[in-house]
Amino acid sequence: MLPPIDALLSRFDLDSATIAGRPRIERRLSDLRGCFRDAAAFEAALAEGNPLVYAVASIEPGPGEGDLHYGLGMLMPGRVGDEYWMTKGHLHSWRPAAEFYVGLRGAGHMLLEDEATGDTRLVPLEANGVVYVPGHTAHRTMNTGAEPLLYLGIYPARAGHDYSTIAKKNFAHCVLARPEGPALVARTAS
Ligand code: PAN
Ligand code: ZN
């Protein structure tokens, strides 16, 4: 039997990044301690206030083995030192889980890092583009534009979020705002 239509259809408000009647988590600057390479710039920014950096409204239709979940993300533009505002980033707890990121509005980039090899890619995330995040890949999103970045992340219901691995060792690369655009730089070299 199929669920009622309300459970099959969701409608977004892209200006507020909300989905009517659905939970939304918010991450503020203070939630991102340890993510940026310039700790002094981070603490100085936080002393000025604790702005909303990103929000995610999620839809979790079911826990079944074949189910899919998705989240509508809104990442605001901003900088800490010469780094763009970013998400915490994570691996999926169930490592084989891949994910699609569908760009809806604004301009961003995704930092992808293979857990086993450290192989790294910087991939644009923008309207009319879809980024494929393979399994076993740490992923973080940065707003590299001047407007809010809106996107959808679609992933297996059983993916789960492992934040602790990134919290312990961070990504091996940073993405720096350079006059010519976002630049990928080894964290040790920066
Ligand atoms: C996304 C992310 C979202 C926020 O829905 O959860 O972009 O990033 P963090 O989870 O790293 O804070 C996703 O990748 N889900 O699996
Ligand atoms: Zn994910």
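Data block above holds the structure.
About the criteria used
Residues numbered from 1 in each chain as written. Chains lettered and ligands numbered in written order. Predicted model: local features only at pLDDT ≥ 70, side-chain atom pairs only at ≥ 80, totals over all residues. Heavy atoms only, no water. Helix = DSSP H or I, 4+ residues; strand = E, 2+ residues; numbered from the N terminus. Areas by Shrake-Rupley, 256 points an atom, 1.4 Å probe, with all protein chains shown as cover. Salt bridge = Lys/Arg side-chain N within 4 Å of Asp/Glu carboxyl O. Buried < 20%, exposed > 50% of the residue type's maximum accessible area, 1.4 Å probe, protein only. Core = buried A, V, L, I, M, F, W, Y, C linked by side-chain atoms within 4.5 Å. Contact = heavy atoms within 4.5 Å. Patch = residues over 30% accessible without salt bridge, like charges linked within 9 Å, V, L, I, M, F, W, Y side chains within 5 Å. Near = heavy atom within 4 Å. Polar contact = N/O pair within 3.5 Å; in protein donor to acceptor, adjacent residues only side chain to side chain. Donors = N, O, S within 2.8 Å, 3.2 Å for Na, K, Ca; no water. Tetrahedral: all angles 85-135°; square planar, octahedral: opposite > 155°, others 65-115°. Pairing = 2+ DSSP bridges. Axes fitted to C-alpha atoms, helices over the stretch in contact; angles between N-to-C directions. Lys, Arg positive; Asp, Glu negative; His and termini not counted.

Trainee: Run through the overall build of the chain, naming residues and quoting values.
Mentor: Scanning the chain from terminus to terminus reveals three helices and 15 strands. Along the first, second and third principal axes, the C-alpha atoms of the chain reach 55 × 35 × 30 Å. On the chain, roughly 9,700 Å² of surface is accessible, and the fraction owed to carbon and sulfur atoms is 55%.

Trainee: Give a description of the pattern of salt bridges that names residues and reports values.
Mentor: Side-chain pairs of opposite charge can arise where the charged atoms are in close proximity. If you walk through the whole model with that rule in mind, you get eight salt bridges. Here Glu 26 and Arg 28 are joined by a salt bridge, their closest N and O atoms 3.7 Å apart. Look at Arg 28 and you get partly exposed, because its relative accessible area is 32%. The salt bridge involving Asp 119 is made with Arg 121; its shortest N-O contact spans 3.3 Å. Relative accessible area serves as the criterion here: at 42%, Asp 119 is assigned to the partly exposed category. Through salt bridges with shared partners, a single ionic network connects Arg 24, Glu 26 and Arg 28.

Trainee: Report on the nonpolar core, specifying residues and quantitative values.
Mentor: Grouped together as the largest cluster of nonpolar side chains are 31 residues, with contacts concentrated most on Leu 29 and Phe 36. Mapped onto this core, the elements with two or more residues apiece are α2 (39-48), β4 (52-59), β9 (107-114), β11 (130-133), β12 (137-143), β13 (149-156) and β14 (173-178). The residues touching Phe 36, leaving out its near neighbours within four places in the chain, are Leu 29, Phe 42, Val 80, Glu 83, Tyr 84, Trp 85 and Met 86. Judged by nonpolar contacts, the second largest core, of six residues, contains Ile 19, Ile 59, Tyr 70 and Leu 72.

Trainee: Go over a nonpolar patch on the surface with me, naming the residues and quoting the values.
Mentor: There is a patch of nonpolar side chains on the surface, built from Leu 2, Ile 5, Leu 8 and Leu 9 and spanning about 450 Å² of accessible area. Within the secondary structure, Leu 2 sits in the segment before α1 (5-8). Using a relative accessible area of 70% as the deciding quantity, one classes Leu 2 as exposed.

Trainee: Please provide a residue-by-residue account of the site of ligand 1, values included.
Mentor: In the vicinity of ligand 1, 14 residues are found, and the nearest of them are Tyr 54, Gly 89, Tyr 101, Tyr 151 and Tyr 163. A distance of 2.5 Å separates an oxygen atom of ligand 1 from a polar side-chain atom of Tyr 54. Within the side chain of Tyr 151, a nitrogen or oxygen atom sits 2.6 Å from an oxygen atom of ligand 1. Within the complex, 96% of the 400 Å² of free accessible area of ligand 1 lies under protein.

Trainee: Explain the coordination of the zinc ion (ligand 2) to me, and be specific about the residues and the numbers.
Mentor: Note on the zinc ion (ligand 2): its protein donors are His 90 (NE2), His 92 (NE2), Glu 99 (OE) and His 139 (NE2). The metal-donor distances range over 2.1 to 2.3 Å. With six donor atoms in place around the zinc ion (ligand 2) and angles of 75 to 173 degrees between them, the coordination shape is octahedral. One chain supplies every donor to the zinc ion (ligand 2), and in sequence these donors are spaced H-x1-H-x6-E-x39-H. With a gap of 47 residues between them, His 92 in the loop between β7 (83-84) and β8 (99-105) and His 139 in strand β12 connect regions that are remote in the sequence. Across this residue pair, the class does not change: His 92 and His 139 are buried.

Trainee: Could you give me a rundown of the sheet that holds β12, with the residues and numbers involved?
Mentor: Sheet architecture is open: three strands sit in the order β10-β9-β12, paired in antiparallel fashion. In the strand order of this sheet, the two ends are held by β10 (120-126) and β12, each with one partner. Between one strand and the next, the sheet's axes are offset by a mean angle of 25 degrees, whatever the strand orientation. Strand direction decides the pairing type here: β9 and β12, joined by seven bridges, are antiparallel. Note that in β12 the partner of Leu 112 across the bridge is His 139.

Trainee: Which residues make up the side chain of Glu 99, and what values do they have?
Mentor: Following the sequence through the fold, Glu 99 ends up in strand β8. Of the buried charged residues, Glu 99 lacks a salt bridge, with Arg 95 as the closest side chain of opposite charge at 12 Å.

Trainee: Just give me the short version of the environment of Leu 14, but keep the residues and values in it.
Mentor: Looking at the element boundaries, Leu 14 is found in the loop between β1 (12-13) and β2 (18-19). Considering only alpha carbons, one finds Leu 14 and Ala 159, 145 residues apart in sequence, at a separation of 25 Å. Once residues within four sequence positions are removed from consideration, Leu 14 is found in contact with Leu 72, Leu 104, Arg 105 and Leu 150.

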